[in-house]
Amino acid sequence: MTKKEIVKTISEEIGLTQLKTKEIVQKTFDAIVTTLVEDGRIELRNFGVFEVKKRAARKARNPRTGAKVDVDEKYVVTFKPGKEMEERVRQLEEKDRQGRLEAEQQSAPPQQQPYSPPQSNDSPGYPSAYPSPPNPPSSGPGDYGS
């Protein structure tokens, strides 16, 4: 989301012109930056804490050439979200996890059970779905046909 989109959303919600809303949003951002520069920290309840921290000098590597590079110490702005923001983000994670599980369940093929033919008590060893083996006709013992 861009600052322009934020201004548009806020101006529609509170009924101010976009020009006036943009001025208010910009003044808010300016106040945050000014406070960080002067005090090094700004705490916005239910939102989070912005803080200026000093990052120590370090050795790094140029990813293109692989050469070692010295990086000087510098000041950086950090942000730690407030409890309310973290909770809302956690809820988003839960929704996303549930959505993925549902999508996996819908796209997964149904589980097939391994085939095992039904058993019958009529003839041991042969399932009832199959015919019993034929008994050859015989005219008596020792008759091998003519």
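Residues numbered from 1 in each chain as written. Predicted model: local features only at pLDDT ≥ 70, side-chain atom pairs only at ≥ 80, totals over all residues. Heavy atoms only, no water.

Undergrad: Explain the overall build of the protein chain to me, please; I cannot follow it from the model alone.
TA: The number of helices and strands found in the protein chain is three helices and five strands. Secondary structure elements of the protein chain, listed N to C terminal, follow the sequence α-α-β-β-β-β-β-α. With 146 residues in all, the protein chain has 11% of them scored as buried. Long-range contacts, defined as pairs at least 24 residues apart, comprise 25% of the intrachain contacts of the protein chain with a sequence gap of at least 6. Carbon and sulfur atoms make up 53% of the accessible area of the protein chain, which totals about 13,300 Å². (Helix = DSSP H or I, 4+ residues; strand = E, 2+ residues; numbered from the N terminus. Buried < 20%, exposed > 50% of the residue type's maximum accessible area, 1.4 Å probe, protein only. Contact = heavy atoms within 4.5 Å. Areas by Shrake-Rupley, 256 points an atom, 1.4 Å probe, with all protein chains shown as cover.)

Undergrad: What's the story with the sheet that holds strand β5 (residues 74-81) in this structure? I'm lost.
TA: Within a sheet, neighbouring strands are paired by backbone hydrogen bonds and run either parallel or antiparallel to one another. Taken in spatial order, the three strands make up an open sheet running β1-β2-β5, and their pairing is antiparallel. The strands lining the two open edges of the sheet, one partner per strand, are β1 (41-44) and β5. Averaged over all adjacent pairs, the angle separating strand axes in this sheet is 20°, with direction ignored. Pairing of strand β2 (residues 48-55) with β5 involves eight bridges; the strand directions are antiparallel. Note that in β5 the partner of Gly-48 across the bridge is Pro-81. (Pairing = 2+ DSSP bridges. Axes fitted to C-alpha atoms, helices over the stretch in contact; angles between N-to-C directions.)

Undergrad: What's the story with the packing of helix α1 (residues 3-14) against helix α2 (residues 18-39) in this structure? I'm lost.
TA: The packing of two helices is summarised by the inter-axis angle and the distance between the axes. Relative to each other, α1 and α2 sit at 120°, their axes nearing to 9 Å. One element, α1, and the other, α2, form an angle in the oblique class. Relative to α2, the crossing made by α1 is right-handed. Together, Lys-3, Val-7, Lys-8, Ile-10 and Ser-11 of α1 and Gln-18, Thr-21, Lys-22, Val-25, Gln-26 and Phe-29 of α2 make up the contact between the two elements. Across the contact of α1 with α2, the residue classes break down as four nonpolar, four polar and three charged. (Parallel < 35°, antiparallel > 145°, perpendicular 65-115°, else oblique. Left-handed = near helix turned anticlockwise from the far one by under 90°. Nonpolar A, V, L, I, M, F, W, Y, C, P; charged D, E, K, R; others polar.)

Undergrad: Looking at this model, I keep getting lost on the pattern of salt bridges. Mind explaining?
TA: Should the charged atoms of two oppositely charged side chains come close, the side chains can pair. Within this structure, the stated rule accounts for eight salt bridges. Between Glu-43 and Arg-45 there is a salt bridge, with the nearest N and O atoms lying 2.9 Å from each other. (Salt bridge = Lys/Arg side-chain N within 4 Å of Asp/Glu carboxyl O.)

Undergrad: Explain the pairing of β1 to me, please; I cannot follow it from the model alone.
TA: Regular strands have side chains that alternate between both faces of the sheet. Where β1 lies against β2, four bridges are found, and the strand directions are antiparallel. Note on β2: the bridge partner recorded for Ile-42 is Phe-50. With antiparallel pairing between neighbouring strands as the criterion, β1 and β2 make up a hairpin whose turn holds three residues, including Asn-46 at a positive phi of roughly 65°.

Undergrad: Please explain the side chain of Thr-21 as it appears in this structure.
TA: One can find Thr-21 in helix α2. Thr-21 gets classed as buried once you look at its relative accessible area, which sits at 2%. Not counting residues within four places of it along the chain, the set of residues in contact with Thr-21 comprises Val-7, Ile-10, Ser-11 and Leu-16.

Undergrad: Help me understand the pairing of strand β3 (residues 58-61) in this model?
TA: Where β3 and strand β4 (residues 68-71) come together, four bridges link them in antiparallel fashion. Paired with Arg-58 across the two strands is Val-71, which belongs to β4. Between the end of β3 and the start of β4, which pair antiparallel, lie six residues, with Gly-66 showing a positive phi angle near 85°.

Undergrad: Hey, could you run me through α1 in this one?
TA: Taking 1.5 Å of rise per residue, the twelve residues of α1 would be expected to cover 16 Å, and the 16 Å separating its terminal C-alpha atoms lies within 8% of that figure. The first or second residue beyond α1 is Gly-15, which carries a positive phi of 80°. (Expected span 1.5 Å × (residues − 1).)

Undergrad: Help me out: how do you make sense of a positive patch on the surface in this one?
TA: Residues Lys-3, Lys-4, Lys-8 and Lys-22 make up a contiguous surface patch of positive charge. With respect to the element layout, Lys-22 can be found in helix α2. Residue classification places Lys-22 among the partly exposed positions, given a relative accessible area of 46%. (Patch = residues over 30% accessible without salt bridge, like charges linked within 9 Å, V, L, I, M, F, W, Y side chains within 5 Å. Lys, Arg positive; Asp, Glu negative; His and termini not counted. Charge placed at Lys NZ, Arg CZ, Asp CG, Glu CD.)

Function cannot be inferred from these measures alone, as they are strictly geometric.
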